[in-house]
Every structure is written in structure tokens, then in C-alpha cells.
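Read off the chains here:
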Amino acid sequence: MRLEETPSPNHDERRQKVDLLVLHYTGMQSGQAALDRMRDPEAKVAAHYMVWEDGRIAKLVDESRRAWHAGLSGWQGDDDLNSRSVGIEIVNGGHDFPLPGKQLPPYPDAQIEAVIELAGQIIARHSIPQVRIVGHSDIAPKRKIDPGEHFPWPHLAAAGIGLWPPEGSGAGCVWMGGDPGGLNRQLGAIGYDISDVPAALRAFQRRFLPDAITGMADARTLRRLTQIAGAYAAASAPSSPQA
Ligand SMILES: [Zn+2]
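Residues numbered from 1 in each chain as written. Predicted model: local features only at pLDDT ≥ 70, side-chain atom pairs only at ≥ 80, totals over all residues. Heavy atoms only, no water.

Some details on the coordination of the zinc ion
Point 1. The coordination sphere of the zinc ion contains the protein donors His 24 (ND1), His 136 (ND1) and Asp 146 (OD), at a distance range of 2.1 to 2.2 Å.
Point 2. Donor residues for the zinc ion sit on one chain with the sequence pattern H-x111-H-x9-D. Of this pair, His 24 sits in strand E3 (residues 20-25) while His 136 sits in helix H4 (residues 136-139); the two residues are 112 residues apart in sequence, bridging distant segments of the chain.
Point 3. A residue is classified by how much of its surface remains accessible, and His 24, at 1% relative accessible area, is buried. (Donors = N, O, S within 2.8 Å, 3.2 Å for Na, K, Ca; no water. Helix = DSSP H or I, 4+ residues; strand = E, 2+ residues; numbered from the N terminus. Buried < 20%, exposed > 50% of the residue type's maximum accessible area, 1.4 Å probe, protein only.)

What follows is the structure, encoded as C-alpha cells:
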């Protein structure tokens, strides 16, 4: 792993033990612009790491410190997520800098392999549960859409980073049709802040149904929601059977 020390002043003291990993895209014109911004004391933002397109990794803030990357956010009932998370910024122009034809810029393989290696080490170091590996949009659904629906979550999950069961696979694929509380309850059970349900639903779709970010609770979305809520519950159970 190619780590380059590029210290940032944008951090303070943690108030919690680390138990969350947050992935972002930089959403700027270039990696250098993002790196410069995260090292600028005036900007007051930084993640712990930034991963370049070619797989090089800039280390900005020590993991023992509270880096300022999550902002106002929540997950599984927790707030002040900067205090309890490690943040990784991944260089990608995202929605503000699409390719000609409006296509979102792809994440190169070398970059994703570096993210997988770095995330694997962070998860092991802090014993971060699978259900607490999140995108910025998951924890701030009203404000954020990064790392974007083009982020390869299935590829990460195949490498053991986060949960992303293929659609329609496994048990628990029962649609809770007719249960008006089911939608909110299941979004909340996964971890989403449901103070704005349509926003939470879009964030859920961006992560788990990336070809259908409609904000609509259609049958496919509800089936997927039941499947993911089931997978999260199974992964969170203290003594889940190793079937
Ligand atoms: Zn972000």
C-alpha cells in the first residue's frame, strides 16, 4: 500500500471509540484540488485518508483523531459520527463533474483495490461491524449523494467490505405488503434516519438499487428493503447461526 503523509490541521479530539467507516467521493475537479482543500485550515474539512485514481493513498489525519468529514449525520441512532468514524475520501468528480454525455465518472480498478485494502485494515484495527460501513449519503440522506450510485459496493462486499447481497438472493425475501409501518421500520432498522422518509428511501436505493433511484416505495424497492433489513438483522445478531 502506497501511503503518503500529507497532514491536515482539520481535526480535534474524539469523544467515542471508532465503530464506523464512512466512504465519500471528493466531488471536485481534481484530486489535487480536494487534497488542497482538506489541508486548508480555513476549509475546516478533512477525511483521514484520500485515495487517488491510481491507488496512491494520502494520509491526512491520524485515526486516533476526530477528522471533520461527516457533518450533520446519523446512523443506527448515533450522532456526532465524526467522533466515532474513520473517513475515506475517494477521488471522483461525481455528479458535479460527469463525463461528456452526463455519465458518472467510473472508479478505476486500481483505486478500488486500494480502497479495499485500506478499508480492510481499518475494519480489522477497530473491529468495525459490517452493518457500520456506510456511504456519506447513507448517514446524511437529506444533504449528500456521495459516493454515488456508480460506486461499486458489490465489488467491495465480495471482498468482505460491507453487505451487498445480490437482489433476490437468500432468505427473507418476503414483501411486507399492506403494512404501512413496514417501510419506515425497515429503513430505521438498517440504520437510516427516517425524519425524512423519501430522502432515506432514495439513499437506500442509491446504495442497494442503484438503477432505480426513484424515491418511490414500489414493489421491487419494498422487496429489496425487506431483504437488506433481514441481512442487516442477521449480521447484527450476537449469536447468529453459522448456516
Ligand atoms: Zn462526503
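So, the pattern of salt bridges
Point 1. As enumerated under the stated definition, the model contains 15 salt bridges in all.
Point 2. For Glu 4, the salt bridge identified is with Arg 56, shortest N-O distance 3.6 Å. Residue Glu 4 is located in strand E1 (residues 3-5), and its partner Arg 56 is located in the loop between strand E4 (49-51) and strand E5 (57-59); the two are separated by 52 residues in the primary sequence.
Point 3. We classify Glu 4 as partly exposed; its relative accessible area is 30%.
Point 4. Here the salt bridges do not stand alone but share partners, grouping Asp 12, Arg 15, Arg 66 and Asp 80 into one network. (Salt bridge = Lys/Arg side-chain N within 4 Å of Asp/Glu carboxyl O.)

Brief notes about the domain arrangement of the chain
Point 1. Examined at the domain level, the chain breaks down into domain 1 (1-164) and domain 2 (165-243).
Point 2. Here the C-alpha centre of domain 2 lies 23 Å away from the C-alpha centre of domain 1.
Point 3. Between domain 1 and domain 2, the contact holds 18 residues from the first and 21 residues from the second.
Point 4. Where domain 1 touches domain 2, the interface holds two salt bridges.
Point 5. Residues Glu 149 and Arg 206 are paired through a salt bridge, measuring 2.8 Å at the closest nitrogen-oxygen approach.
Point 6. One can count eight residue pairs in polar contact (both at pLDDT 80 or more) joining domain 1 with domain 2.
Point 7. Going through the elements one at a time, strand E8 (133-135) and H4 are the ones with two or more residues in the side of domain 1 that touches domain 2.
Point 8. Per-element tally for the side of domain 1 that touches domain 2: the top contributor is E8, with three residues. (Domains from an automatic or database assignment. Contact = heavy atoms within 4.5 Å. Polar contact = N/O pair within 3.5 Å; in protein donor to acceptor, adjacent residues only side chain to side chain.)

Remarks on the environment of Tyr 232
Point 1. Within the element layout of this structure, Tyr 232 appears in helix H8 (residues 219-236).
Point 2. The spatial distance from the C-alpha of Tyr 232 to the C-alpha of Val 131 is 6.1 Å, given a sequence separation of 101 residues.
Point 3. Non-local contacts of Tyr 232, meaning those with residues more than four positions away in its chain, are made with Trp 75, Gln 76, Val 131, Leu 163, Ile 190, Arg 207 and Phe 208.

Some remarks on unusual backbone geometry
Point 1. For the bond running from Asp 146 to Pro 147, omega is 10°, close enough to zero to count as cis.
Point 2. Along the chain, the position of Pro 147 falls in the loop between H4 and helix H5 (153-158).
Point 3. The phi torsion at Lys 44 lies on the positive side, around 55°, for a residue other than glycine.
Point 4. Structurally, Lys 44 is set in the loop between helix H1 (31-38) and E4.
Point 5. Residue classification places Lys 44 among the exposed residues on the basis of a relative accessible area of 53%.
Point 6. With a phi angle near 70°, Lys 102 is a residue other than glycine that sits in the positive phi range.
Point 7. Among the secondary structure elements, Lys 102 is positioned in the loop between strand E7 (85-90) and helix H3 (109-126).

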